[in-house]
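# Descriptive analysis of the structure
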Amino acid sequence: MTNYASRPETLRRIALKAPLSGILVPLEKVPDPVFSQKMVGEGIALDPVNQTLSAPCDGRVVMFHPAAHALTLATEEGIEVLMHVGLDTVSLRGEGFTPRVKNGDRVKAGDPLLDFDADFIATHAKSLMSMIVVTNSERVAAFQPASGGVTAGRDVILELQLIEPDTTAAAESGGTVTSEAILISNTAGLHARPAAVLANVARKYRSDVRVVRGDTQANARSVTGLLSLDLRFNDKINLTASGPDAREAVAALTALILSGLGEEGAPAPAPASRIVAENARFAPAPRPEDPNLLAGVTASPGLAVGTVFQVRHQDLDVPENAENPQAETLKLEEALHEARRQLEALQVQLHGRADANKAAIFAAHQEILDDPELLETVRSAILKGKSAAFAWQQAINSQAELLSKMNNTLLAARAADLRDIGQRVVHNLTGAEARTIRAPADSILVAEELTPSDAANLDRENVLGLCTTLGSATSHVAIIARSLDLPSVAGMDPRALDLPDGTPVILDASRGTLRLNPSPDEVADLRTRLQKEAARKKVNLENAGKAAVTTDGHAVEVVANIGGLSDAQTALTLGAEGVGLLRTEFLFLERATSPTEDEQAQVYADIARALGPGRPLVIRTLDVGGDKPLPYLPIPREDNPFLGERGVRVGLNRPEVLRTQLRAILRASEFGRIMVMFPMVATLAEWRAAKAMFDEERALLGTAPVPLGIMVEIPAAAVMAEQFAREAAFFSIGTNDLTQYTLAMDRGHPKLAPQVDGLNPAVLHLIARTVEGAEKHGRWTGVCGGLAGDPQAVPILIGLGVNELSVSVPAIPAVKAQIRQLSFSACRDLAARALTLDSAADVRNMVPDPGA
């Protein structure tokens, strides 16, 4: 039961009867955040089995949407009940719906309101699931929903305890503010979803806000009122507000409407998560003419010599039909419960090993288990006579296939996660043994695709490397491979799948190649190299605590890129001199709500304390973009998310998110040497707006100053480095994004990725310009992208004048050891020559590879 009242009042009751026959579903399970997060109001959902919507109570039709998919009844008590048939049905523009009433009609409970073609809607809209919502939920003290199956006109689905409105309250005087004319940018007009977003934000202000269109107006807090205006695309409106915060309300709501209210039409303010494989090195893979050389893309660098072991993926054969839907539904729930238990155990096990990144991947799998749209599809199929295993397998395969065909490589890479959790649940449903890869000694696994569960449970004694024809360097399998220090290549030539088991191969993952049938001499030479490399790693680890100082006395700070407390603790054991990049995204991903200020402050303080006094902790503010929406911050699809709402732009457009994070960082700053950097800054205006926000929050908290810097990831920032250096305390160059923006190539693209090399002279010139701009104003420059840990790039970066290298945690001992063997003067000469060359290949040919 949901309670809204906090003061004693005389309570009245209303019982709403089922307007449709079917199965009741909690509103929280609706696969649409506007309803599931109750932006429209409190209520219940229903999966219908009939095709006529009837009145749930006596009342008057106060709003019938022109698209005929939604209408609102007002009871004599003033309660407004919205009935919304299906999801995204506004796009049908009335097709499939036949109204039985019109605006102004009075109806009795059980009267027919609307007929609809369920088959047409089911095949042309997102879902048939229908919502019954009280849009003025502030008038209700308590909601008591029913559950299970219901029959239209007979069963009560929702009991309401009403509270009389407080008629004595009035808005405090603050004058009336009117906006300039605003054009509606939503192509489908102001239907339920954008109306709910607007009303939800309007309720945060104390002033009375009205949306005015010609001679008509509506309360901005009322979804029903907004819908009754029947606002269409390009309609002109004004906002008026009266009260103490009228000016702020009008400004905020105007910006919200112009942004499209979270829908396509105009730039939307909502961020989305950007998952970046910061430390993946995309070294150039040759286009081999040699038939014994197959090429792919580096997912995890390294060398391995062994024999092919093919891993074949096969779906379990499961019965398609079942006779008892209730029994199948129960089986599904039990299998899902067991899968959650298995994933929780796996997370605990991985956290115990300080494998935070891998644990987070399986936390994401738990989110898939609770995906309301997926579960709705499965349950619907079960009700139609399918077995639970068949319904689950079909739903998972359908979504995985859809993801795998997307142009966005990051989203396509998540198909493996879907298939992984799909297999887990099917095994639980059927009792079949989960797939275990039993590879012989010295195996190089070759597969079309591996799942995260496959990778996390590999026998590291026998498996020396991975090679997949699908996937990319941003996949979760690649992340796990890097955490295991396991050589891995993705996007491999499909001919690899035809290799017989036992074929001798050399996997050079750093170059993205698989050499077939190497000669005995080649194998012997490589084994010798691997033995030397193992000995070198042992020595590097023994000396990890020594400073990184060149032979001629030039010191370089080597710090870590981390994603949480366990990374920081591990980095210290490997000789890290601090943290050059704390990716705060780990706090925001795989959850239903944004992390609180207290929650963030605690995490930042814990990491600062773990590093100890004097060691730097550079915290990057939330760096997300348009390729993976956060569930609590919806964003419309962008045609090119890498040129849309990313990095600091998200924070500036969502100031409540950025301000909360900045306050948390400031509160934690007393526990260590904390610095803050803003990501994806392109203009001085963006920098100044972010800095002003930070300064405002610091003044309010009264904390000591904290150094502020920017990430240089966009060529514009590198070109303007001297101007930025007048105001920013430091620069940290993100070479992964800087490279792809400079070359206009997606670093996750299976064909272009081999050419996306940060040692391209164009990128090196931008790094040099950044350092020069910083030095003119006494600022320091770091590099936190994958290039910082590239052995061939290290001497060039040092020679260009980079002061700090922030690298992946496992790379710290090797980078420090390499620096101790370099001469700064030789590095400067090398860098100067590199700037004169024509290509990244020329640069790499000039610089000896220490691992060769």
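Just above, that's the structure.
So, a few notes on the structure that sits alongside this text. (Residues numbered from 1 in each chain as written. Predicted model: local features only at pLDDT ≥ 70, side-chain atom pairs only at ≥ 80, totals over all residues. Heavy atoms only, no water.)

### Side note on the overall build of the chain
- Along its length, the chain carries 27 helices and 38 strands.
- Here the contacts in the chain between residues at least 6 apart in sequence split such that 72% fall between residues at least 24 apart.
- Split by element, the accessible area of the chain, about 35000 Å² in all, is 51% carbon and sulfur. (Helix = DSSP H or I, 4+ residues; strand = E, 2+ residues; numbered from the N terminus. Contact = heavy atoms within 4.5 Å. Areas by Shrake-Rupley, 256 points an atom, 1.4 Å probe, with all protein chains shown as cover.)

### Some words on the pattern of salt bridges
- Under the counting rule described, the total for this entry stands at 28 salt bridges.
- Here arginine 536 and glutamate 533 are joined by a salt bridge, their closest N and O atoms 2.3 Å apart. With arginine 536 and glutamate 533 both in helix H14 (residues 520-542) and three residues apart, the pair spans about one turn of that helix.
- Looking at arginine 536, the relative accessible area reads 33%, which means it is partly exposed.
- Between arginine 667 and aspartate 598 there is a salt bridge, and its shortest N-O distance comes to 2.8 Å. Here the residue arginine 667 occupies a position in helix H18 (residues 655-668), and aspartate 598 occupies one in helix H16 (residues 597-611), the gap between them amounting to 69 residues. (Salt bridge = Lys/Arg side-chain N within 4 Å of Asp/Glu carboxyl O. Buried < 20%, exposed > 50% of the residue type's maximum accessible area, 1.4 Å probe, protein only.)

### A word on the nonpolar core
- In terms of nonpolar packing, the biggest core is built from 87 residues, with Ile767, Ile796 and Leu805 touching the most fellow members.
- If we skip the residues at most four places from it in the chain, isoleucine 796 touches Leu759, Leu764, Leu830, Ala831, Ala834, Val843 and Val847.
- Among the nonpolar cores identified, the runner-up in size contains 42 residues, and Val34, Val40, Ala218 and Ala249 belong to it. (Core = buried A, V, L, I, M, F, W, Y, C linked by side-chain atoms within 4.5 Å.)

### Side note on the pairing of strand E7 (residues 70-74)
- With five of five residues buried, E7 is to be regarded as a mostly interior element.
- With burial as the criterion, each face of E7 is covered, one bearing Ala70, Thr72 and Ala74 and the other bearing Leu71 and Leu73.
- Two strands pair when backbone bridges link them, and strand E6 (residues 59-64) and E7 are joined in this way by four bridges, in the antiparallel orientation. Within the sheet, the bridge partner assigned to arginine 60 lies in E7 and is alanine 74.
- Connecting E6 to the next strand, E7, in antiparallel fashion are five residues, including alanine 68 with a positive phi near 65 degrees.
- Taken together, E7 and the strand that follows it, strand E8 (residues 80-84), pair antiparallel across an intervening segment of five residues, in which glycine 78 is found at a positive phi of about 90 degrees. (Pairing = 2+ DSSP bridges.)

### Things to note about the packing of aromatic side chains
- Inspection of every chain in the model, using the stated rule, returns two aromatic pairs.
- Between the aromatic rings of phenylalanine 678 and tryptophan 687, the centroid separation amounts to 6.3 Å while the plane-to-plane angle is 65 degrees, which identifies the pairing as edge-to-face. The burial state of phenylalanine 678 is the same as that of tryptophan 687; both residues are buried.
- Ring geometry for phenylalanine 730 and tryptophan 780: centres 4.7 Å apart, planes at 5 degrees, overall stacked. Of the two residues, phenylalanine 730 sits in strand E36 (residues 730-733) while tryptophan 780 sits in strand E37 (residues 780-783), which places them 50 residues apart along the sequence.
- Owing to a relative accessible area of 25%, tryptophan 780 belongs among the partly exposed residues under this scheme.
- Against the face of phenylalanine 671 rests arginine 609, its NZ or CZ located 4.5 Å from the ring centre. (Phe/Tyr/Trp six-rings, centres within 6.5 Å; stacked < 30°, edge-to-face > 60°. Lys NZ or Arg CZ within 6 Å of the ring centre and 35° of its normal.)

### Regarding unusual backbone geometry
- Positive phi values are uncommon outside glycine, yet aspartate 88 reaches one of about 60 degrees.
- Turning to its location among the elements, aspartate 88 is positioned in the loop between E8 and strand E9 (97-99).
- You will see that aspartate 442, though not glycine, has its phi angle at about 60 degrees, which is positive.
- Within the secondary structure, aspartate 442 sits in the loop between helix H11 (415-430) and strand E25 (443-447).

### Focus: helix H26 (residues 824-834)
- Taken together, the buried positions of H26 are Phe824, Cys827, Leu830, Ala831 and Ala834. Buried residues along H26 cover an arc of 115 degrees about the axis, so they all sit on one side.
- Looking at the buried side of H26, the elements it contacts are helix H23 (761-776), helix H24 (794-800) and helix H27 (840-846). (Arc of directions from axis to C-beta.)

### Re the packing of helix H22 (residues 735-743) against H23
- Running from N to C, H22 and H23 cross one another at 125 degrees; their axes reach a closest spacing of 10 Å. Taken together, the axes of H22 and H23 lie oblique to each other. Crossing handedness for the pair H22 and H23: right-handed. Here Thr735, Leu738, Thr739 and Thr742 of H22 come into contact with H23, specifically with Ala762, Val763, Leu766 and Ile767.
- Class assignment for the residues of the contact of H22 with H23 results in five nonpolar, three polar and no charged. (Axes fitted to C-alpha atoms, helices over the stretch in contact; angles between N-to-C directions. Parallel < 35°, antiparallel > 145°, perpendicular 65-115°, else oblique. Left-handed = near helix turned anticlockwise from the far one by under 90°. Nonpolar A, V, L, I, M, F, W, Y, C, P; charged D, E, K, R; others polar.)

### Things to note about the environment of serine 594
- Along the polypeptide, serine 594 turns up in the loop between strand E31 (579-583) and H16.
- Here serine 594 falls in the partly exposed class, since its relative accessible area comes to 30%.
- The spacing of serine 594 and valine 657 is 63 residues in sequence and 8.1 Å in space, taken between C-alpha atoms.

### Section: the sheet that holds strand E28 (residues 504-508)
- Spatial ordering of the open sheet is given by E22-E29-E28-E24-E25-E26-E27-E23, a layout of eight strands whose pairing is mixed. Both outer strands of the open sheet, strand E22 (293-295) and strand E23 (297-300), are each paired with one neighbouring strand and no more. Strand-to-strand, the axes of this sheet are offset by a mean angle of 30 degrees, without reference to chain direction.
- Contacts from H14 reach strand E24 (303-311), E28 and strand E29 (513-516), with the element oriented near 115 degrees to E24.

### Observations concerning the sheet that holds strand E32 (residues 616-620)
- Pairing is parallel in the closed barrel, where eight strands are placed in the order E30-E31-E32-E34-E35-E36-E37-E38. Between one strand axis and the next, the sheet turns through 30 degrees on average, direction left out of account.
- Direction of pairing for strand E30 (residues 557-562) relative to E31: parallel, over a ladder of three bridges. The residue of E31 that forms the bridge with isoleucine 562 is leucine 582.
- Strand contacts of H23: strand E35 (708-712), E36 and E37, with the helix running at about 170 degrees to E36, the strand carrying the most contacts.

### Re the side chain of asparagine 540
- Structurally, the position occupied by asparagine 540 is in helix H14.
- Aside from chain neighbours lying at most four places away, what touches asparagine 540 is Pro813, Ala814 and Ala817.

### Description of helix H19 (residues 684-701)
- Over its 18 residues, H19 extends 26 Å from the first C-alpha to the last, a length consistent with the 26 Å expected when each residue adds 1.5 Å.
- Those residues of H19 that fall on the buried side of the exposure criterion are Leu684, Glu686, Trp687, Ala690, Met693, Phe694 and Glu697.
- Elements that come into contact with the buried residues of H19 comprise helix H17 (648-653), H18, strand E34 (673-678), E35 and helix H21 (721-725).
- Immediately downstream of H19, the backbone of glycine 702 shows phi near 70 degrees, a positive value. (Expected span 1.5 Å × (residues − 1).)

### Things to note about the environment of asparagine 321
- Summarising the element assignment, asparagine 321 is placed in the loop between E24 and helix H6 (325-352).
- Taking the C-alpha atoms as reference points, asparagine 321 and lysine 384, separated by 63 residues in sequence, lie 9.0 Å from one another.
- Aside from chain neighbours lying at most four places away, what touches asparagine 321 is Gly385, Lys386 and Ser387.

### Focus on the packing of H18 against H19
- Two numbers describe how H18 lies on H19: the axes approach to 9 Å, and their chain directions differ by 50 degrees. Here H18 lies oblique to H19, going by the angle between them. The two elements H18 and H19 cross, and the hand of that crossing is right-handed. Contacts between H18 and H19 involve Pro655, Leu658, Arg659, Leu662, Arg663, Leu666 and Arg667 on the former and, on the latter, Met693, Phe694, Glu696, Glu697, Arg698 and Leu701.
- Class assignment of the residues belonging to the contact of H18 with H19 gives a composition of seven nonpolar, no polar and six charged.

### Quick word on the pairing of strand E11 (residues 112-116)
- Here strand E5 (residues 52-54) runs beside E11; their pairing, made up of three bridges, is antiparallel. Bridging across to E11, leucine 53 finds its partner in leucine 114.
- Across three bridges, the pairing between E9 and E11 is antiparallel. The partner of proline 99 across the bridge, within E11, is leucine 114.

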